[in-house]
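Given next are the chains, with one letter for each unit.
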Amino acid sequence: MMNRLLALIFSSGIIVGLSMAGLAIITNVLLSEPVSLHLALVWFSITSGLYTANRLIEGDKDAAVDNIISSTVATYRSLLLIFSVSMSLLGIFLAFNEKLELGLLIVLTILYFALYTTDLKKIVFKKGVDV
Amino acid sequence: MKDYLGVKSLMVGIGLSFVVLYTGTYFQTINLIALILLCLRTVLNEAMNTIIYDMKDLEADRINGVDTFPLVLGIQKTKYMLHFINGVVAIITLAGFFIRAFSPSCLGLLISLPYFAFLIEYLVHEPYRKGHLLLQYTLLDGTYVVMVPFVLLLANYF
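(A) Focus on the overall build of chain A. Broken down by element type, chain A carries eight helices and zero strands. Taking all 131 residues of chain A together, the buried fraction comes to 46%. Long-range contacts, defined as pairs at least 24 residues apart, comprise 71% of the intrachain contacts of chain A with a sequence gap of at least 6. Carbon and sulfur atoms make up 72% of the accessible area of chain A, which totals about 6,800 Å².

In structure tokens:
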């Protein structure tokens, strides 16, 4: 039960979200600027949201080797989907709420990772077959 | 595209370095050298992270037919490469300190040197490679969670 809970926490990207919030704080400090928790919160939300989405999309690949994480993703798929969408939207809202340029940067980040996750070769190949 | 050797690691690294760019933009920083060094450091650090993941997930990548450094170069050569990248990351941090681009608290980031050296060796060690999965993923995904206290501690000290 405990392992299942930990696997859910891991699959939801909370740990990687905290890590990226940490990177934002480190950048803050190294640039000799006052620590902004707003930045940390934006990156926590966006990274958690995108990481969970990536886990859900690549679930089939992960399942190639059966382990507690791939089985947790399969079991809690809808919960993770809601979490992913909510966190991504929260991140976008917080960024746009602060500044238009920051919102656009966040959208750019999401597009970048969408491009990373999508298998372009497969899509092009599929279209070729349809024609 | 990410199925090509090294592209996946580089893409993840570049994507996560957006955190640094975003923070620089937020503060409208004029310290561009610090920003560039930090971005470079982040790209290498995150690329290293994904390669360590690949060392753990050899079976899944073999089944999915993905070319990764551990599959192409072998575990031992990949470990040497990772130790080299780890050294370069430390050198970038020190360079930022000595040219005064970073504040002295950047020395807290040097904790990544022993931390990653441990991960590189620990995560491929056979008895551990398949066990302690959650601990391993937490250590790999939470790298900056470990570094933040050291940086903040030094920021308060200096």
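(B) Quick look at the overall build of chain B. Counting secondary structure elements, chain B contains 10 helices and zero strands. Written out in order from the N terminus, the α and β elements of chain B read α-α-α-α-α-α-α-α-α-α. For a compact globule of 158 residues, the expected C-alpha radius of gyration is about 15 Å, and chain B comes in at 16 Å, within 12% of that figure. By its C-alpha atoms, chain B is 50 × 30 × 25 Å across when sized along the principal axes. A burial count over chain B gives 53% of its 158 residues as buried. Considering only residue pairs separated by 6 or more positions, chain B has 67% of its internal contacts joining residues 24 or more positions apart. Per element, the accessible surface of chain B, about 7,300 Å² overall, is 71% carbon and sulfur. Chain B carries 10 positive and 10 negative side-chain charges, and their two centres are separated by 5 Å.

(C) Looking closely at the pattern of salt bridges. Residues and elements named next belong to chain B. With the rule as written, the count across this model stands at two salt bridges over all chains. Ionic pairing is found between Lys8 and Asp54, a salt bridge with its closest N-O pair at 2.7 Å. Residue Lys8 is found in helix α1 (residues 7–16), and its partner Asp54 is found in helix α3 (residues 32–56); the two are separated by 46 residues along the sequence. Overall, the relative accessible area of 5% leaves Asp54 in the buried class. Here Glu121 makes a salt bridge to Lys79, at a shortest N to O gap of 3.1 Å. Placement of Glu121 in helix α7 (residues 112–122) and of Lys79 in helix α6 (residues 75–98) is noted, with a sequence separation of 42 residues between them. Under the relative-accessibility criterion, Glu121 is labelled partly exposed at 37%.

(D) Representation of the interface of chain B and chain A within the structure. On the side of chain A, 48 residues touch chain B, which itself brings 53 residues to the contact. Buried area between chain B and chain A, both sides added, is near 4,400 Å², and the carbon and sulfur share of it is 74%. Counting the contacts that link chain B with chain A gives zero salt bridges. Linking chain B to chain A there are six residue pairs in polar contact (both at pLDDT 80 or more). Among the secondary structure elements, those contributing two or more residues to the side of chain B that touches chain A are α1, α2 (18–26), α3, α4 (58–64), α9 (133–141) and α10 (143–157) of chain B. In the side of chain B that touches chain A, the residues fall into 33 nonpolar, 14 polar and six charged.

(E) Structural context of the nonpolar core. Ranked by size, the top nonpolar core spans 78 residues in total, and within it A:Ile26, A:Leu30, A:Trp43, A:Ile69, B:Tyr22, B:Ile52 and B:Leu119 carry the most contacts. Apart from the residues within four sequence positions on either side, A:Ile69 is in contact with A:Ala7, A:Phe10, A:Ser11, A:Arg55, B:Leu133, B:Leu134 and B:Tyr137.

Definitions and cut-offs
- Residues numbered from 1 in each chain as written.
- Chains lettered and ligands numbered in written order.
- Predicted model: local features only at pLDDT ≥ 70, side-chain atom pairs only at ≥ 80, totals over all residues.
- Heavy atoms only, no water.
- Helix = DSSP H or I, 4+ residues; strand = E, 2+ residues; numbered from the N terminus.
- Buried < 20%, exposed > 50% of the residue type's maximum accessible area, 1.4 Å probe, protein only.
- Contact = heavy atoms within 4.5 Å.
- Areas by Shrake-Rupley, 256 points an atom, 1.4 Å probe, with all protein chains shown as cover.
- Rg over C-alpha atoms; globule rule 2.2 N^0.38 Å.
- Lys, Arg positive; Asp, Glu negative; His and termini not counted.
- Charge placed at Lys NZ, Arg CZ, Asp CG, Glu CD.
- Salt bridge = Lys/Arg side-chain N within 4 Å of Asp/Glu carboxyl O.
- Buried area = accessible area lost by both parts, 1.4 Å probe.
- Polar contact = N/O pair within 3.5 Å; in protein donor to acceptor, adjacent residues only side chain to side chain.
- Nonpolar A, V, L, I, M, F, W, Y, C, P; charged D, E, K, R; others polar.
- Core = buried A, V, L, I, M, F, W, Y, C linked by side-chain atoms within 4.5 Å.

This is a description of form; function is not addressed.
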